[in-house]
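Chain and residue survey
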Amino acid sequence: MDAPRHRRWKIALAFACIYLIWGSTYLAIRFVVETLPPLGTAGVRFLIAGAGLYGWLAWRGEMRRVTLRHWKSAAILGSLFFLGGNGGVCWAETRVPSGLTALVIATVPLWIVGLDWVRPGGSKPKRWVLAGAALGILGVALLVSPGTAHEGIDPLGALVLLLASGSWALGTVTSRHLDHPGNHLTSTAMQMIGGGAALLLASAVTGEIADVSPSGVSSRSIAAFVYLILAGSLVGFSAYNWLLQVMPPATVGTYAFVNPGIAVLLGWAVAGEPVTGRILLAGGMIVVAVALIVTRRR
């Protein structure tokens, strides 16, 4: 097989990973939180993934220039990304179907546009980006507005998901102004360790572990938990990291509007989650909005 063709296959496989694996993590999280504590399991997941990646990088000699300032940055970003972002998703999925969760979380680019605009020295978004943001806001409003028993979304769950999206976006914008190690894989490992520790602390403070009975933990929850560590964190991120090195960022960013469709489809096909006309309309508006923002915004 010639090299260019081999490279195309590698790119296609990597995109399949971030599309399908990351799109399926919402359903996996739903299975995990059926019988396991949402914050605690998320904390263990990221500590394991972060420690494994950190150990591998240390073995390669990548940790020589890591400083205390880098760890402070990792603690801040880990809390925003993994405690506020992923932790909010895990908790909300105890109340909100996985497909709807993915649609609300798809609004992260909308938050990034707004935060980047209002920050000191921020830049006003272009016309098409503003149009995408407006369409996305309308889609979210339609999605979370009161409906029938099969259309409505839990108000508290929806609020937590919107805050989780905002937390992830704030981490994205803040990340540009913090100190990082030269290797961004090192930074990611440190952020997962910091975020995992913050999640475990939050789990202990809320006392959620006390509500879990070991005999009540299902094999489906355990299998989904292992899947999130191996596929969602390690395989998915490795594919994402490699794609960022060989493809334009805007092309890699297409996962942001593909994942929600995968999540809705899997939630309907595997878990029997309802998909109504209003959900499809609102979801379509959000996906188109995100596509406009990702493809039009540098």
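Residues numbered from 1 in each chain as written. Predicted model: local features only at pLDDT ≥ 70, side-chain atom pairs only at ≥ 80, totals over all residues. Heavy atoms only, no water.

**Digging into the overall build of the protein chain**
Secondary structure summary: the protein chain contains twelve helices and zero strands in total. Mapped from its N terminus to its C terminus, the protein chain presents α and β elements in the order α-α-α-α-α-α-α-α-α-α-α-α. Taken over the C-alpha trace, the protein chain has a radius of gyration of 19 Å; the compact-globule value for 298 residues is 19 Å, and the two agree within 12%. Relative to its full complement of 298 residues, the protein chain shows a buried share of 48%. In the protein chain, once contacts between residues fewer than 6 apart in sequence are set aside, the share between residues at least 24 apart is 91%. (Helix = DSSP H or I, 4+ residues; strand = E, 2+ residues; numbered from the N terminus. Rg over C-alpha atoms; globule rule 2.2 N^0.38 Å. Buried < 20%, exposed > 50% of the residue type's maximum accessible area, 1.4 Å probe, protein only. Contact = heavy atoms within 4.5 Å.)

**Some words on helix H12 (residues 277–296)**
The end-to-end C-alpha separation of H12 is 28 Å, in line with the 28 Å expected for 20 residues at 1.5 Å each. For H12, the full list of buried residues reads Arg278, Ile279, Ala282, Gly283, Met285, Ile286, Ala289, Val290, Ala291, Leu292, Ile293 and Val294. (Expected span 1.5 Å × (residues − 1).)

**Quick word on the packing of helix H3 (residues 68–92) against helix H7 (residues 155–175)**
The geometry of a pair of packed helices is captured by two quantities: the angle between their axes and the separation between those axes. At a minimum axis separation of 8 Å, H3 and H7 run at an interaxial angle of 160°. Judged by the angle between their axes, H3 and H7 are roughly antiparallel. Once H3 is placed against H7, the crossing between them reads as left-handed. Between H3 and H7, the contacting residues are Leu77, Ser79, Leu80, Phe81, Gly84, Gly85, Gly88, Val89, Trp91 and Ala92 on the first element and Leu156, Gly157, Val160, Leu161, Ala164, Ser167, Trp168, Leu170, Gly171, Thr172, Thr174 and Ser175 on the second. A breakdown of the residues in the contact of H3 with H7 according to their chemical character gives twelve nonpolar, ten polar and no charged. (Axes fitted to C-alpha atoms, helices over the stretch in contact; angles between N-to-C directions. Parallel < 35°, antiparallel > 145°, perpendicular 65-115°, else oblique. Left-handed = near helix turned anticlockwise from the far one by under 90°. Nonpolar A, V, L, I, M, F, W, Y, C, P; charged D, E, K, R; others polar.)

**Some thoughts on the packing of helix H2 (residues 38–59) against helix H9 (residues 219–246)**
Where H2 contacts H9, the two axes come as close as 10 Å, and the packing angle between them is 45°. Taken together, H2 and H9 sit at an angle that is classed as oblique. Along this stretch, H2 crosses H9, giving a crossing that reads as right-handed. Counted together, Thr41, Val44, Arg45, Phe46, Ile48 and Ala49 of H2 and Phe225, Leu228, Ile229, Gly232, Ser233 and Leu234 of H9 form the full contact between these two elements. In the contact of H2 with H9, the residues fall into eight nonpolar, three polar and one charged.

**Describing the packing of aromatic side chains**
Enumeration according to the criterion identifies nine aromatic pairs in this entry. Where Trp22 meets Tyr240, the ring centres are 5.2 Å apart and the plane angle is 50°; that geometry is what we call tilted. Of the two residues, Trp22 sits in helix H1 (residues 3–33) while Tyr240 sits in helix H9, which places them 218 residues apart along the sequence. With 4.6 Å between their ring centres and 50° between their planes, Phe81 and Trp168 make a pair best called tilted. Of this pair, Phe81 sits in helix H3 while Trp168 sits in helix H7; the two residues are 87 residues apart in sequence, bridging distant segments of the chain. Taking the relative accessible area as the measure of exposure, Phe81 reaches 9% and is therefore buried. Given the relative accessible area of 33%, Trp168 is considered partly exposed. (Phe/Tyr/Trp six-rings, centres within 6.5 Å; stacked < 30°, edge-to-face > 60°.)

**A short note on the nonpolar core**
In this structure, Leu100, Leu103, Ile105, Leu143, Leu161, Ile286 and Val290 are the most contacted members of the largest nonpolar core, which totals 67 residues. The next biggest cluster of nonpolar side chains, apart from the first, holds eleven residues, and it includes Ile11, Ile18, Ala239 and Val252. (Core = buried A, V, L, I, M, F, W, Y, C linked by side-chain atoms within 4.5 Å.)

**Thoughts on the environment of Leu100**
Turning to its location among the elements, Leu100 is positioned in helix H4 (residues 98–105). Judged by its relative accessible area of 8%, Leu100 falls in the buried class. Through-space distance from the C-alpha of Leu100 to that of Leu161 is 9.9 Å; in sequence the pair is 61 residues apart. If we ignore the near neighbours within four places in the chain, the residues touching Leu100 are Leu143, Ile153 and Ile279.

**Brief notes about the environment of Ser98**
Topologically, Ser98 is positioned in helix H4. Residue class for Ser98 comes out buried when judged on its relative accessible area of 0%. Considering only alpha carbons, one finds Ser98 and Ser73, 25 residues apart in sequence, at a separation of 31 Å. Those residues within four positions of Ser98 in sequence are excluded, and the remaining contacts are Tyr26, Leu27, Arg30, Glu93, Ala263, Gly267 and Glu273. In terms of polar contacts, Ser98 uses its side chain to reach the side chain of Glu273, at 2.8 Å. (Polar contact = N/O pair within 3.5 Å; in protein donor to acceptor, adjacent residues only side chain to side chain.)

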